[in-house]
Amino acid sequence: MYKNKRLTIGYTTNKKTESMLDNPEFDEWESPESLEGIIKAFEKTGNKVILIDANPNKSDIYKQLKKYKIEIDIVFNRVEEVRNIPTLRQAFVPMFCEYLNIPYCGSGPQAIINAMNKATTKEIVTNYNILTPNFQIIKTPNDTLNGKLQFPLIVKPIGEGSSIGLTQESKVDNHKELVTQVKKITERYQQPALIEEFVDGDEYTIGIIGDYILPILKIPFDYLPDNPIVRDPQVKNIETPFMNVMPYDEEGYLDLARQTAISFEAISCNDYCRVDWREKNRIPYFLEINTIPGLNPDEADLTIMAKHAGLTHEEMMNMILWEAIKRNRNDKRYTNVFTDDKVEGIVEMVNLAYKKLRVDTLVACNKEYKIIKQLNDE
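Residues numbered from 1 in each chain as written. Predicted model: local features only at pLDDT ≥ 70, side-chain atom pairs only at ≥ 80, totals over all residues. Heavy atoms only, no water.

### What to know about the sheet that holds strand β7 (residues 171-172)
1) Next: As summarised here, the arrangement of the four strands in space is β5-β8-β6-β7, forming an open sheet in which the pairing is antiparallel. Unpaired on one side and paired on the other, β5 (135-138) and β7 mark the two borders of the sheet.
2) Next: Relative to β7, strand β6 (residues 153-157) runs antiparallel, the two being bridged by two bridges. Pairing of L153 across the sheet is with V172, part of β7.
3) Next: Of the strands in this sheet, β5, β6, β7 and β8 (193-197) are in contact with helix α6 (residues 175-189), which crosses β6 at around 10 degrees. (Pairing = 2+ DSSP bridges. Helix = DSSP H or I, 4+ residues; strand = E, 2+ residues; numbered from the N terminus. Contact = heavy atoms within 4.5 Å. Axes fitted to C-alpha atoms, helices over the stretch in contact; angles between N-to-C directions.)

Structure below.
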C-alpha cells in the first residue's frame with residue numbers, strides 16, 4: 001500500500017508457548033491473538049515488523065537488540081520478563097535501548113521500576129495529593145503489622161501485574177488469615193507482600209494514550225457472578241460483559257480523569273498506560289499503574305476503552321506508536337530516523353482516527369489533562 005520507505009519496528013515481547021496458554025502465571029505474556037493483532041496493526045500502515053522474543057529460554061535479549069540495531073528504527077516494547085527480579089524485570093529492554101541508542105515506545109526504565117514496585121508507586125502519587133489505601137510492606141509472615149492498619153486488608157505481591165498472586169482469599173479479616181496469605185505470597189513469588197486496607201466499592205480502570213484519556217471503565221462487583229470482592233485473574237476472564245462505561249456527565253468523572261493524568265505525570269510515564277482505582281463513599285483511591293497494559297485486540301481493557309471512543313484496535317495501536325515517534329523526534333539522536341515518507345502510513349491512519357474520536361468521551365478530559373501538564377511543568 002505504501003511504496004515509499006517504511007519503518008522497521010522491533011517488536012520485543014514474551015511470546016506464549018502452547019503449554020503457557022492456560023497457566024495464569026504467564027497471563028502477562030503475549031498471546032497468539034495479541035501477537036497477530038499488534039503485528040497486523042503496524043503492517044497495515046506500511047511498516048515492517050521484526051518479532052524479538054525475550055523468552056528467557058531464548059537467546060539473550062540484549063544480544064538480539066544489538067544484532068538488529070542497524071535495521072530497527074524503533075522498538076515497540078512489550079517485554080514483561082527478562083530476569084527473575086520482580087521490580088526490575090520490565091525495565092531491562094528500555095535500559096538496553098537507552099544504552100544502544102535505539103528509540104523505543106513506552107515508558108522509560110525509571111518509570112517502569114517505580115510502577116512495578118506498588119509501594120514505591122503509592123509513595124510517589126501520595127506526594128501529588130492522590131489518595132491511596134493505607135499500606136505496609138511485609139517481608140516475612142513474622143513481621144509485625146502496623147497498628148494503624150485496620151482489617152479487612154488485602155495481601156498481594158509487591159511486584160506483579162495482571163493480578164498475578166491475587167485471589168478471593170487475598171482479602172483477610174484477622175491476623176491468622178493475614179499470616180497465611182503473607183506466607184503464600186513470600187514463598188511462591190519470592191518477594192515481599194504489599195498489605196493495604198481493603199476499599200469496599202466499585203473499581204475503575206482508566207487508560208491514557210498521549211494527551212487523551214480514554215473512556216472510563218467501571219467494574220461493578222455487585223453484578224458479577226459468584227459475588228467476587230477483588231479483581232483477580234478469574235474475574236478478569238468473565239467480567240467484560242458486565243463492564244460499564246462511566247457516563248461522562250456523572251459526578252466524579254472529571255476528577256477521576258484529572259487524578260489519572262496527575263498519576264501519569266507523577267510516575268513519568270510515556271506514550272500510554274492504564275491506572276486502576278477503587279471507590280469508597282464516592283472517593284477514589286489509587287490502586288496501581290500499569291506501564292505495559294494488555295493490548296489484546298478483543299479483550300484488553302485498553303482496547304475496550306478505545307472501542308467505546310470509536311477507535312479500532314489498529315487505530316489505537318498506531319496512535320500509541322505515533323506518540324512514541326513524536327517524542328523521539330525531539331531527540332537529536334534520532335532526528336533523521338522518522339522522516340515524513342517513513343511515517344506516512346501511520347500519520348494517515350492517526351489523522352483519520354482523531355476525526356473519529358467521540359468528543360464526549362475524550363476531548364473534554366483532554367482539556368483537563370493539558371491544564372494539569374502545564375501546572376506540573378511549571
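### A short note on the side chain of N290
1) Next: Within the secondary structure, N290 sits in strand β14 (residues 283-290).
2) Next: Classification of N290 by relative accessible area gives buried; the value is 15%.
3) Next: At a separation of 3.0 Å, a polar atom in the side chain of N290 contacts the main-chain amide nitrogen of I292.
4) Next: Setting aside anything within four residues of it in sequence, one finds N290 in contact with C273 and R274. (Buried < 20%, exposed > 50% of the residue type's maximum accessible area, 1.4 Å probe, protein only. Polar contact = N/O pair within 3.5 Å; in protein donor to acceptor, adjacent residues only side chain to side chain.)

### Topic: the packing of aromatic side chains
1) Next: Enumeration over the complete set of coordinates arrives at seven aromatic pairs.
2) Next: Centre to centre, the rings of F42 and F76 are 5.0 Å apart; their planes meet at 75 degrees, and the pair counts as edge-to-face. With F42 in helix α1 (residues 32-44) and F76 in strand β3 (residues 74-78), this residue pair connects regions lying 34 residues apart in the sequence. In terms of burial, F42 and F76 fall into one category: buried.
3) Next: Taken together, the ring pairs in this structure connect Y62, F92, F96 and Y99 into an aromatic cluster.
4) Next: The side chain of R278 reaches across the aromatic face of F221, ending 4.2 Å from its centre.
5) Next: When the ring centre of Y104 is taken as origin, the NZ or CZ atom of R327, which lies over that ring, is 6.0 Å away. (Phe/Tyr/Trp six-rings, centres within 6.5 Å; stacked < 30°, edge-to-face > 60°. Lys NZ or Arg CZ within 6 Å of the ring centre and 35° of its normal.)

### Here's the deal with the sheet that holds strand β1 (residues 8-13)
1) Next: Read across the open sheet, the four strands follow the order β2-β1-β3-β4; overall the sheet is parallel. The open sheet has two free edges, formed respectively by β2 (48-53) and β4 (104-105), since each of these has just one partner strand.
2) Next: As judged from the five bridges shared by β1 and β3, these two strands associate in the parallel manner. Bridged to Y11 within β3 is F76.

### Some thoughts on the environment of S263
1) Next: Here S263 shows up in helix α8 (residues 253-267).
2) Next: For S263, a relative accessible area of 0% gives the class buried.
3) Next: Between the alpha carbons of S263 and I124 there is a distance of 8.6 Å; along the sequence they are 139 residues apart.
4) Next: The contact partners of S263, leaving out residues within four places of it in the chain, are V125, I130, W277, F286 and I289.

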